[in-house]
Protein chains: 2
Amino acid sequence: MAGARLSVSVSRLFRRLEPLFSSRHYCSLASPCAVSYSQYGEPSKVLRFLTDVDVPDVRDDQVSVRMLAAPINPADINMIQGVYPIKPPLPAVGGNEGVGEVVSVGLQVSDLQPGDWVIPADSGWGTWRTHAVCPASELRKIPNDIPLEAAATLAVNPCTAYRMLSDFQHLQPGDTIVQNGANSGVGQAVIQIAAARGLVTINVVRNRPDRSSYFELEMYLKGLGGHYVITEEGLRRQDFRDIFKRLPRPKLALNCVGGKSATEILRHLETGGTMVTYGGMSRQPVTVPTGSLIFQDIKVVGYWMTQWNKRQTDSQESSEMLSTLCDYVRQGKLQAPSNVQVPISDYMAAINSTRDAFSTKKQILTMSS
Amino acid sequence: MAGARLSVSVSRLFRRLEPLFSSRHYCSLASPCAVSYSQYGEPSKVLRFLTDVDVPDVRDDQVSVRMLAAPINPADINMIQGVYPIKPPLPAVGGNEGVGEVVSVGLQVSDLQPGDWVIPADSGWGTWRTHAVCPASELRKIPNDIPLEAAATLAVNPCTAYRMLSDFQHLQPGDTIVQNGANSGVGQAVIQIAAARGLVTINVVRNRPDRSSYFELEMYLKGLGGHYVITEEGLRRQDFRDIFKRLPRPKLALNCVGGKSATEILRHLETGGTMVTYGGMSRQPVTVPTGSLIFQDIKVVGYWMTQWNKRQTDSQESSEMLSTLCDYVRQGKLQAPSNVQVPISDYMAAINSTRDAFSTKKQILTMSS
């Protein structure tokens, strides 16, 4: 009985997924496969690994892409759960970030050619697949002379870090910034981009169960270019406050935790400073003392890369950003987050690892067979 | 014994207050008096009513002013308590806002003449006195053809309301704003200035112990030009949410309460909207859902009139503001808050009335004998 029901379900699933493979989301070439879902819910329940789907022809304005690598980000999981503000039409392919190689282009496509590396221009494109055919306008070209894992993880975390360091305060070499969740993907990019610009970073992390794993983390973040690494409890200690006898107070605080952690980093800001929230790992809201707003003129704002991408009316600012970031990568100033590469067929193990609270390695799905 | 000790204390007090009357803070002309303090603390304990002080000559760059009227604002009380971010050097005269008439001017003073009305350019000047001699640069001229109580209460509340409606969002006629503490001095000014500009106001007030006093308040605020008056509980009701079927969501929220009240008004903002905090009557911090910052792009900032005044490098923006506000007053679009005029000698009763939680009338000290 159970087997029969399963067989019917799979058959229904394929019928429901059919539109996915006959439009822009077609997986093409030999053994195309994709991690897909046709309803929102827990990844273990709703994700399916689809294989051997037919390939459509590339229309004049389209590009055929062979995906190379795609990371698993927390937002990807929220999107599958249906709790993210963007809900792609179902059925959908999982993943928002990743790099692919152009295989062929339609007659009207002039700015891309076979061999180019591309990343999706927007969220919800679906990167956890081996092949895709889509309009060229949905892709952005990036250099193909940087490491694969750096290319695959360029569009979300380094771009978020870059924009938050550029768009909210006029920062100059020697200026200080403070961030919590400093070990997050964005946090690691912040440390490196800030260091490349001569900014001093104060990096707040959760304490670790044992001293050696905390020490390892501290050394890792300092190795990336972080100047100070401190626990949240440490923020309240006098010896920490003493560092502002020799350092200017931060103009910018970056928050991906919320709750007490956000309030603590905000308290250290210089008058007129800004706290930018880009995540809420503690699931607690951001609490701001009234006096900080009125008398210290602290600004509390948010940042969402997806929204920035949507607001781009021309791509120049985006091109400048990608070009600068790739330069940092080539110069060794920006490296991909510490990562594990996992074949796409093992996606479920990679998702489970991503959800581990103390996970320090980014899971990257690889599509080479 | 008690009498002797008191006599010694008063004598000491006068010696400590001497600098106050021999520099810019001199009270001059017949029967000059002032409400003064020589240490921070509870007003009932530290304030003294000083009378009959000698008058200094007016130096070349100075102006002699006869004060006409000065309100009691909550910040004045915090300043006396020593809990306000500005601590005037002691001994000091109470009061930050008020209007005076120029009596005589020094030889170098060209932009003021006897008969002009003036208000202090900055906080901490000390308005609760009958006479003052100070540099002309510490005063701003205002028209003397508006009602006295409007002139006396122009510098803080209407200016705060004007700037908050001008500096944070580009508002156009038909746009909506929401504010809590709508019955505060600033709140009443917001209603009137917004109405003069064609903006729709949603005014949140605390519920009242009985229906008739709530109804009276509602009618009063609507009489000022408020479009909607609603209790904080009402903000969460569906019938309130339904008004956004016919109104655009607010671009701007003005908060002088904090706590849940601030969070509630913030939830109704349009994507990209701003909440400006200028007070914290509930003594609770401002709590902001993470999603509002990231996905709705809500900005949470503060406003402090004192800081704005300090940042003014030229006075043009300030002159424009005062001129517009006085035009509104003359046109009947902006009236002084509902008030009670109290002789300066009864300052303590006026301070006590100001601290009454449900007080709806502004206490204005008058200096005419």
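Here goes a summary of the coordinates provided. Note that this is a predicted model, so its numbers are computed, not measured.

The subject of this paragraph is the pattern of salt bridges. Pairs can form between side chains of opposite charge once their charged atoms are near each other. Throughout the structure, instances matching the rule amount to 30 salt bridges over all chains. A salt bridge links Glu42(A) to Arg355(A); the shortest N-O distance between them is 3.0 Å. Taken as a pair, Glu42(A) in the loop between strand E1 (33-37) and helix H2 (43-46) and Arg355(A) in the loop between helix H13 (347-354) and strand E17 (362-366) lie far apart in primary sequence, 313 residues in all. Of the residues examined, Glu42(A) reaches a relative accessible area of 33% and is grouped as partly exposed. On the basis of relative accessibility, which here comes to 40%, the residue Arg355(A) falls in the partly exposed class. Close ionic contact of Lys222(B) with Glu218(B) constitutes a salt bridge, the shortest N to O distance being 3.2 Å. Placement of the pair is Lys222(B) and Glu218(B) together in helix H7 (residues 211-224), with a separation of four residues, close to one helical turn. A single salt-bridge network, built from bridges that share partners, covers Asp145(A), Asp327(A) and Arg330(A).

This part covers the relation of the copies chain A and chain B. The two copies are related by a screw operation: chain A maps onto chain B through 180° of rotation and 0.0 Å of translation along the axis, at an RMSD of 0.0 Å. Considering both components of the superposition, the chain copies are consistent with a two-fold axis. When the interface residues of chain A are mapped onto chain B, 100% of them again fall at the interface, so both copies present the same face.

Moving on to the sheet that holds strand E4 (residues 92-93) of chain A. Residue and element names in this part refer to chain A. Spatial ordering of the open sheet is given by E2-E1-E4, a layout of three strands whose pairing is antiparallel. Looking along the sheet, the strands with just one partner apiece sit at the ends: strand E2 (47-51) and E4. Inspection of the sheet shows E1 paired to E2 by five bridges, in the antiparallel sense. Across the sheet, Ala-34 pairs through a bridge with Leu-50, a residue of E2.

This paragraph deals with unusual backbone geometry. Residues and elements named next belong to chain A. That bond from Leu-90 to Pro-91 is cis: its omega, -5°, falls within 30 degrees of zero. Structurally, Pro-91 is set in the loop between helix H3 (74-81) and E4. You will see that Asp-297, though not glycine, has its phi angle at about 55°, which is positive. Looking at the secondary structure, you find Asp-297 in the loop between helix H10 (290-294) and strand E15 (299-302). Relative accessible area serves as the criterion here: at 13%, Asp-297 is assigned to the buried category.

Opposite the 25 residues of chain A that make contact, chain B presents 25 residues. Both faces combined, the contact of chain A with chain B buries some 2,000 Å², and carbon together with sulfur accounts for 65% of it. The largest contributions to the chain A side of the interface with chain B come from Leu293(A), Ile294(A) and Phe295(A), which together make up 27% of the buried area. Here chain A is connected to chain B by two salt bridges. As a salt-bridge pair, Arg311(B) and Asp297(A) come within 3.0 Å of each other at their nearest N and O atoms. Counting only elements with at least two residues in the side of chain A that touches chain B, the list comes to strand E14 (286-288), H10 and E15 of chain A. Ranked by the residues each element gives to the side of chain A that touches chain B, the list is headed by E15(A), at four residues.

Conventions adopted
Residues numbered from 1 in each chain as written. Chains lettered and ligands numbered in written order. Predicted model: local features only at pLDDT ≥ 70, side-chain atom pairs only at ≥ 80, totals over all residues. Heavy atoms only, no water. Salt bridge = Lys/Arg side-chain N within 4 Å of Asp/Glu carboxyl O. Helix = DSSP H or I, 4+ residues; strand = E, 2+ residues; numbered from the N terminus. Buried < 20%, exposed > 50% of the residue type's maximum accessible area, 1.4 Å probe, protein only. Least-squares fit on C-alpha atoms with pLDDT ≥ 70 in both. Contact = heavy atoms within 4.5 Å. Pairing = 2+ DSSP bridges. Buried area = accessible area lost by both parts, 1.4 Å probe.

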